[in-house]
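Working through the structure, step by step
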Amino acid sequence: MPISSRDLWFSLRLLSLVMLILPPPLRAQHASPKALHQAALSVFRLGNTREIDSIDPPFVDGGDANLVSRTLNEGLLVLDPATLRPQPGLAESWTVSSDGRRYAFTLRENLRWSDGSPLTIQDFIDAFKRNMHPETGAYYAAYMDVIEGAEAFRASGTAADWSKVAIRQLSLRELEIRLKEPAPYFLELLAQAIFLPQTVRTQKKAPGQGLPLSSGPFRLRSWALKDKMILEKNPYYHSATSVYLDEVQVFPIEDPKTAWNMYRAGELDWIRSLPASLIPKLRKMPDFHSSPILNTIYLRVNTKDLHLKDPRVRRAISMAIDRELLAEKVLREGQKAAYTFVAPGIEGYSAEPIISLDIPAARRLLDEAGYADRKKLPELAMIYPSNPMSERIGLALSAMLVRNLGVRMAPRNLERGVFYDRLNDLRYQIARSDWTLEYSDPRSSLEKFTSANVMNNLTGFADPTYDQLIATSSVEWDQEKRWKGFRRAEEILVGEQAALIPLFTNVSINLWKPYVKGMYDNPRLYYSIRHVRLERSTQASGAEKHRRSVQQEAKL
Amino acid sequence: MLKRRLFFSAPSPDSTSWQDLSSPSFSMRIFHALKSRPSNSIAAIYLLVLAALCFSSGLFVPYAWDEIHFVSEATGPSWQHWFGIDDLGRDLFSRVLYGGRISLSVGLMSTSVSVLIGISYGAIAGYFGGTIDRWMMRLVDVLYCLPYYFVIVLVMVLFSIDSLYLLFVVLALFQWLGMARIIRGQVLSLKEQEFVLALRGMGASHARIVFRHMVPNTLGIASVYATLMVPGVMMQEAFLSFIGIPFTVLGTDGVHKPVASWGSLLSEGARYFDTAPWLLIFPAFFFSTTLLAIHFLGDGLRDALDPSLKV
Amino acid sequence: MSFLIYGLKRLVATAPILLLVLVINFVLLRLAPGSPLDREAELPHALKVKLEAQYGLDQPLPVQFWIFLKNAAQGEFGQSYTYKNRSVREIIAEAFPVSARIGLLAMGLAVVLGCLVGALCARRPGGPLDQFLRVAMLTGKSVPPMVLAPLFVAIFAITLDLLPVAGWHGGATKALIGPICCLALYDVAAIGRLMRGSFLEVQGQKYITALRAKGVGEKRLQVRHILREASLPLVSYLGPALSSILIGTVIVEQVFNIPGLGRYLVNAAVNRDYTLTMGITTLAAVLLLVLNVFSDLVLAWIDPRIRLT
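Computed from a prediction, not measured in an experiment: that's the story for all the values here. (Residues numbered from 1 in each chain as written. Chains lettered and ligands numbered in written order. Predicted model: local features only at pLDDT ≥ 70, side-chain atom pairs only at ≥ 80, totals over all residues. Heavy atoms only, no water.)

Focus: the overall build of chain B
Inclusion rule: Helix and strand labels come from DSSP, where a helix needs a run of H or I of at least four residues and a strand needs a run of E of at least two; each type is numbered from the N terminus. Using a 1.4 Å probe on the protein chains alone, a residue whose accessible area is under 20% of its type maximum counts as buried, one over 50% counts as exposed, and one in between counts as partly exposed. Residue contacts are defined here by distance: any two heavy atoms, one from each residue, within 4.5 Å place the two residues in contact. What sets the accessible areas is the Shrake-Rupley method with a 1.4 Å probe; for residues, cover comes only from the shown protein chains.
Across its full length, chain B holds eleven helices and two strands. Going from the N terminus to the C terminus, chain B shows its helices and strands as α-α-α-α-α-α-α-α-α-β-β-α-α. Split into buried and exposed, the 311 residues of chain B put 59% on the buried side. Within chain B, counting contacts between residues at least 6 apart in sequence, those at least 24 apart form 75% of the total. By element, 67% of the accessible surface of chain B is carried by carbon and sulfur atoms, the whole surface being about 13200 Å².

Put into C-alpha cells, the structure is as follows:
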C-alpha cells in the first residue's frame, strides 16, 4: 500500500505543529535593505582565536583581548605597526631626561571620550592607580613596577599610599612619570593595555547602552558572547577623519579550520589562525603574511627533581633534541629552531646558539652523571596543558629522546587547572612553557628566573651569579654593557645549568584579503586597525571575485 | 494491575515447565538465532574476524601503532602504508587496528561489568519484591535522573583521569541501570511461576533460586540488551576522546603515550580532513561498520528470541 | 483528579533528586585540583586570598553550598570567573536559546521523520520498503555526529557551497540546517526503529481488529487509537533524549562554531569556572528532571491505566 494522502496530511499537521513552537525569526534572511546599506559601509570582519574574557585594561589577557582593547582605546603612545617605533597617541609629544628617569607627556587638546565628555589627565592617573592597586588584581601590574614607588604601592595592601608613587599632573595637559631606574623600553611599554586611560562612565545611548566608553578610533556597539563583537567608528576620536573603516566585526573562532573555511567563503577579511596542515599550501597565497615573533616555546625543567637535579642530565636532554627536525617536520608552520631563550630580533643582542645538537656528547654526559645504565632513569613526564600542537611536540620529543639518548620521556596532557597547579607547586619534572617578550629587551625574559621571582621562575633554579648579573644589567643604561651582562646570564641559564630547554620560536600567521590595506605584521604582534582601509569597487562584487580566485587557488 | 507480557518465549506452547527454562537450551537458541538469517551470521562473522585482527594486530603489522617517523607531510594509501600515514608518520592501518582493540575492549568490558551489576541488582530487587524492591528501584530512579554525562565529563576533566581502565569502570557505573530495570521486570514475572514454589518447598535457599534458576532465564533478554548497550558505550568513549580527554597507555617503545582509540582517531581525522581525508575515512568506516554489525546482531538476537521485545 | 495527584506526587519526588545532583556537582567541582584563580603570571598570595574572600571561596564548604542554593533559587549564579563582568545568568540566557532551538528543531524533525519512517515500515512488515528502511535506520544509528558533522561541512559547505560554513548568524535558517541534520540523523534512526516496533505491536492487537470490524474509519483508527498507544514508548524516549541532545550538541557546536551551552560547559570545566559550571549543570539537571516528569505525565494522560497503579 503506498503512502496514503492521509499519512501525508497527518505528518504535515505534525510538522506544522513543530514549526509553531519555534520563535519568529526562523525565516531565511534574504538580501534586505539592511544588507544593501551595509554594502555602502566599510566593514572589516576579523576572526579572533578565542572569545576574550574582558576588555577592561587590568584584565586584558592575550593577543586577542589586546587587539580589541587597543582598537577601542588609545594610550599616551602607540607604536607604528610597520616599524614598531613609538608614535604619539593621546599624547602629542613627550620629553625624556638625560638620565632616562624622568618622562613628561603633553596630551593633545580637546580630547574626548566616545560620548563627547572630556578626556583628561586625571583619567590616566585614575587608571594607573586602579591598575596598580593590589585589590584590583591586574594581571600585568608588574609592568608598572619600573615606575618609582610602584612596587611598594602594589605590595602595601589597604594601607597603600598613592602619594608615594611618582606620577604627577604638572599642568592641564602635562603628565610626569619618574622611573626608579632607567628603562630604555619604557616608551614601548606605554603602548600596552595596562597604560590605557579608563573611566567609570558608560555609554548612555542605545545600541551600546551600558557598554564602556572608548578613547580610541572605535567604540563598542554590541558584544554577543561567543558570537561576535561589533565596533563602530568613534566620532569623538581625535583623528576620526583619518579613520577609514565604519565598522569592525570581531568573531571569536576557536577552531582554525572553521576560521579558514569562513575566510575562504569570503565571510572574514582577516584571520590569524590556520589549520597547520594547510599552511605549507597557503604560504603561496598573496594573502599570507608571516613574521618571526619574539616568542619562545621552551621546556621548564624542575631542578629540584631527584633525577633532574644534576645539570649534566638536563644538558644531555637539551643536546639530544633535534630542533631543526622538530621545526621542519613536525611543526611545519615556519617556526625556527631556538638555541637561545631570548628570541632573536632584539637589535644588537647576540643570537648565537647557546646549546646545540650533539648526540655523542649528550650520551657521554648522561653516562658521566651516573646513568650509564639507562634503566636507572625512570620514565620522565613532560606535562602540558591540553593543546593539539603540544601533543605533537611531546610525542616527537619523546621519540627523539628514546632513539638518541635512550631516555624515556612521556608526554602527559593535563587539564589547564591541574597543569598550573603542578607547575606552581613544583610537582612536575618537565613542563612545556612559552614566553613572549613584553618589550624589546632581554630583561623581559631573563628576570623571570631570578631566585627572588618565585611566582614566575617555577623551576627551582637559583644561581647567585645569575641574580647578580640580572640585577646589574637591568639598570645599566649603556647598551653594550647591558647586553653583555644579560647574555652572560642567559648562558648560565640555558647552557651551563640548562634549567630551560628552548625549543623553537614562533611565527605569526596571518591571512588578510588583498583589498585590506594598511595592515602590517610585526614581531610584537602589535596589530593596529586604526589605519586599515578596504579598497574595493563594491563590497559584493569584489568579495565574489576574490572568493572565486581563492577557491581556485585552494583547489591545489 | 496492568499485566505485562512475558519477555521470553520458548518454542513449545507449554512454557511453564521449569525444565524448559534452564541453560542449555539458551545457548542453543542463540546459535539458532544466528543461523536463522544470513545478516545475523554475516554480522557475527565480521565482528569475530575484526576482533581477531585487532587483538592480534601486534603480531603481523609492519609498523607499530605509535611508531613515529619524521616525514614532510601526511600521505595517503600506498603499498607501504595501506591506509596511509598521518603527519607524524604513523601508519594508519596499524592505528586503526589498535584503535579497534581499545574500542572493542572498552565496549565489551564496560558492558560486561554493567551486565554483571545490572543482572544481580535487578534479580535481587525483583525476587524479594516489596519494600526492598521499592527502595532499590528508587535508587535506580535517582541515579537514572542524574545528568550523568556531565558528571562523567566533569570527573574526567577535573581529575585529569587518564587511565583507560578507570574509564571502563566509570562508563559501567552508569550503564547498569537500564539492565537492572529490565531484569527486575523479568524476574518479577518469573517469580510467579510454579517452579519457584516447588523449589522453596524443597528447601532451596533464596540465593540458589535467584542465581541458579531465575538468572539463567533472563540471559536471553540480557544478551539482547547487552548487545544493544555496546554501541552506546563505544560512542561514549569516542565522544570523550573526541572532545579531547586523553587516555594514556604504555607504548611499544616503553614510554607512556596517548592511546589511539577510534574516538581519538576520528577527532584527529576531522581536524585534518582538508588535507588528509583518509585519516577520517578509514577510522570512520571501521567504526561505523562495527556499530552496524553489532546493531544487526542485536536485532537478530532479539527477533529470534522474542520479536515483541520493545528493547 | 487522580491525574493531578499523580502529577503532584511526581513533582515532589524529584525535589530531593535535584538536590542530590546539585550537591554532587558542587562537591566534584570543589574537590578537583586547581582553582579558577590560577594563572601562569601568578597573583601575589595576598591578592589571591583577597579574591577568594570576594568570591566566597574561603568559607567552609557547607556554607558555600548554602549560599549557592539560596542564590540559585532566585536564579542568581553570580559572576563568571572566566568571562569577567558577565553574570552567569546573562551567559546562560544568551546560550540556552541557541542550544534549545537547535535541539528542539532537531528533535522535532527526528520525531516527525521517525514516525513517518516507522509507519511506513509497519504497513508492510517484511516488505521491500521495510527491509530497506530498516537497514537505513541501522546505518543512521551507526554514524555518530563526530563523523557526520565534519563530513557534512566538507560536502555541503565547502565543496558544494550551499550553506554557510560556520557561525550562528543570529539564528538564520541556513546556519541551522547543518547542525540540525547532523544531530537529528541518529534520533531519526532510533525513533524510527522504536515506532516501527510500536506500530507493529499495536496494530496487531485484538482490539484494533475489533474496532475495524465495528466499522471505525481507517483515519480515525490511525490517529485516535493506534497513534495514541504507539506513542507511549516515544514519549518515554523523548524525555531523556531531549536533554541529552542539549548536551550532545558539544560536537556540533564545535564544528559549526555555535555559541551554545555544550561548548560553554566544557570550557567552563576546563577553566574551573565554578559559577558557570554550576549554573549550566543546574539548568541541565532541572531540565532533565522536569522533562522526565513531563513525559511521565503525558504518558499518564495517554494511557489512563498507568496512573492508577
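Concerning the sheet that holds strand β15 (residues 380-385) of chain A
All names here are of chain A. To keep things clear, this is the line we draw: One bridge is not enough; two strands pair if DSSP finds at least two bridges between them.
As summarised here, the arrangement of the six strands in space is β14-β18-β13-β17-β15-β16, forming an open sheet in which the pairing is mixed. Each edge of the open sheet is held by one strand with a lone partner, namely β14 (336-337) and β16 (409-414). Inspection of the sheet shows β15 paired to strand β17 (residues 430-436) by two bridges, in the parallel sense. Across the sheet, residue Ile-383 finds its bridge partner in β17, namely Ala-431.

Considerations on the sheet that holds strand β4 (residues 91-96) of chain A
Residues and elements named next belong to chain A. The line we're drawing: Each axis is a line fitted through C-alpha atoms, and for a helix only the stretch in contact is used; angles between axes span 0 to 180 degrees, taken between their N-to-C directions.
Spatial ordering of the open sheet is given by β4-β5-β7-β6, a layout of four strands whose pairing is antiparallel. Edge positions in the open sheet fall to β4 and β6 (167-171), since each of these has one partner strand only. Strand after strand, the sheet turns through a mean of 25° between neighbouring axes, direction not considered. Note that β4 and strand β5 (residues 102-107) share five bridges and pair antiparallel. Bridging across to β5, Trp-94 finds its partner in Phe-105. The strands touched by helix α4 (residues 121-132) are β5, β6 and β7 (174-178); relative to β6, the strand with the most contacts, the crossing angle is about 175°.

Structural notes on the side chain of Thr-289 of chain B
Residue and element names in this part refer to chain B. Defined as follows: Side-chain atoms alone can form a polar contact between residues adjacent in sequence; in general such a contact is a pair of N or O atoms within 3.5 Å, and within protein one must be able to donate a hydrogen while the other accepts it.
Note that Thr-289 resides in helix α11 (residues 278-305). On the accessibility criterion, Thr-289 (18% relative accessible area) is buried. At 2.7 Å, the side chain of Thr-289 forms a polar contact with the side chain of Tyr-46.

Notes on the environment of Leu-225 of chain A
Tracing the sequence through the fold places Leu-225 of chain A in the loop between β8 (218-224) and β9 (228-233). Judged by relative accessible area, which is 3%, Leu-225 of chain A ranks as buried. Residues Leu-225 of chain A and Ile-52 of chain A, 173 residues apart in the sequence, show an inter-C-alpha distance of 8.7 Å. The residues touching Leu-225 of chain A, leaving out its near neighbours within four places in the chain, are Glu-51 of chain A together with Tyr-83, Arg-86, Ile-91, Glu-94, Pro-259 and Tyr-264 of chain C.

Describing the pattern of salt bridges
The line we're drawing: Only one rule defines a salt bridge in this text: a Lys or Arg side-chain nitrogen within 4 Å of an Asp or Glu carboxyl oxygen.
Counted according to the given criterion, the structure contains 39 salt bridges over all chains. The closest approach of N and O atoms between Glu-247 of chain A and Arg-221 of chain A, which form a salt bridge, is 3.4 Å. Residue Glu-247 of chain A is found in strand β10 (residues 247-252), and its partner Arg-221 of chain A is found in strand β8; the two are separated by 26 residues along the sequence. What makes Glu-247 of chain A buried here is its relative accessible area of 3%. Given the relative accessible area of 25%, Arg-221 of chain A is considered partly exposed. With its nearest N and O atoms 3.8 Å apart, the salt bridge here joins Arg-90 of chain B to Glu-268 of chain B. In this pair, Arg-90 of chain B is assigned in the loop between α3 (57-60) and α4 (92-128) and Glu-268 of chain B in helix α10 (residues 262-271), connecting sequence segments 178 residues apart. Each member of the pair, Arg-90 of chain B as well as Glu-268 of chain B, is classed as buried.

Brief notes about the packing of helix α7 (residues 164-190) of chain B against helix α9 (residues 206-242) of chain B
Residues and elements named next belong to chain B. Basically, it comes down to this: Reported orientations rely on four angle classes, namely roughly parallel under 35 degrees, roughly antiparallel over 145, roughly perpendicular from 65 to 115, and oblique for the rest. A clockwise turn of the near helix away from the far one marks a right-handed crossing, whereas an anticlockwise turn of less than a right angle marks a left-handed crossing. The classification used treats Ala, Val, Leu, Ile, Met, Phe, Trp, Tyr, Cys and Pro as nonpolar, Asp, Glu, Lys and Arg as charged, and all other residues, Gly among them, as polar.
As a packed pair, α7 and α9 sit with axes 9 Å apart at the nearest point and diverge in direction by 150°. It follows from the interaxial angle that α7 and α9 lie roughly antiparallel. Once α7 is placed against α9, the crossing between them reads as right-handed. Within the contact between the two elements, α7 uses Leu-167, Leu-171, Gln-175, Gly-178, Met-179, Ile-182, Ile-183, Gln-186, Val-187 and Leu-190 and α9 uses Met-214, Asn-217, Thr-218, Ile-221, Ala-222, Tyr-225, Ala-226, Met-229, Val-233, Gln-236, Glu-237 and Leu-240. Of the residues in the contact of α7 with α9, the class split is 15 nonpolar, six polar and one charged.

Here we look at the packing of helix α16 (residues 464-474) of chain A against helix α17 (residues 479-496) of chain A
Residues and elements named next belong to chain A. Interhelical geometry of α16 versus α17 gives an angle of 155° and a closest axis separation of 9 Å. As judged from the angle between their axes, α16 and α17 are roughly antiparallel. For the pair α16 and α17, the crossing hand works out as left-handed. In this structure, α16 contributes Thr-465, Tyr-466, Leu-469, Ile-470, Ser-473 and Ser-474 to the contact, and α17 contributes Arg-482, Gly-485, Phe-486, Arg-488, Ala-489, Glu-490, Ile-492 and Leu-493. Residue composition of the contact of α16 with α17, by class: seven nonpolar, four polar and three charged.

Re helix α11 (residues 359-371) of chain A
Residues and elements named next belong to chain A. Under the convention used in this document: A helix's residues, less one, multiplied by 1.5 Å, set its expected span. Here the arc refers to the directions that run from the helix axis out to each C-beta atom.
If you check α11, its first and last C-alpha atoms are just 15 Å apart, much less than what 13 residues at 1.5 Å a residue would give, namely 18 Å. Within the span of α11, buried status applies to Ala-361, Ala-362, Leu-365, Leu-366, Ala-369 and Tyr-371. Angular distribution of buried residues about the axis of α11 spans 150°; they occupy a single face of the element. Across from the buried face of α11, at angles greater than 90 degrees, the exposed residues are Pro-360 and Arg-364. Two to three positions downstream of the cap, the backbone nitrogen of Ala-361 sits 3.3 Å from a side-chain oxygen, assigning the N-cap of α11 to Asp-358.

Observations regarding the pairing of strand β1 (residues 43-48) of chain A
The side chains of a regular strand alternate, residue by residue, between the two faces of the sheet. All names here are of chain A. Most of β1 is tucked away, with six of its six residues classed as buried. Of the two faces of β1, the one holding Val-43, Arg-45 and Gly-47 and the one holding Phe-44, Leu-46 and Asn-48 are both buried throughout. Of the strand pairs in this sheet, β1 and β10 are connected by six bridges, and their pairing is parallel. When the bridges of β10 are listed, Gly-47 appears paired with Phe-251.

Some details on the packing of aromatic side chains
Cut-off, in case you're wondering: Note on aromatic contacts: the rings of Phe and Tyr and the six-membered ring of Trp form a pair at centre separations within 6.5 Å, being stacked when their planes are under 30 degrees apart, edge-to-face when over 60 apart, and tilted otherwise. Here, a charge over a ring is recorded when the distance from Lys NZ or Arg CZ to the ring centre is within 6 Å and its angle to the ring normal is within 35 degrees.
For the structure shown, the criterion picks out 27 aromatic pairs over all chains. Between Phe-461 of chain A and Tyr-466 of chain A the ring centres are 5.3 Å apart and the planes differ by 80°, which places this aromatic pair in the edge-to-face class. When its relative accessible area of 0% is taken as the criterion, Tyr-466 of chain A is described as buried. Ring geometry for Tyr-127 of chain B versus Phe-128 of chain B: centroids 5.2 Å apart, planes at 80°, classification edge-to-face. With a relative accessible area of 8%, Tyr-127 of chain B lands in the buried category. In this structure an aromatic cluster arises from ring pairing among Tyr-103, Phe-105, Phe-124, Phe-128, Phe-186 and Phe-195 of chain A. The lysine or arginine in question, Arg-272 of chain A, covers the ring of Trp-270 of chain A, its NZ or CZ lying 5.2 Å from the ring centre. Positioned over the ring face of Tyr-244 of chain A is Arg-533 of chain A, at 5.7 Å from the centre of the ring.

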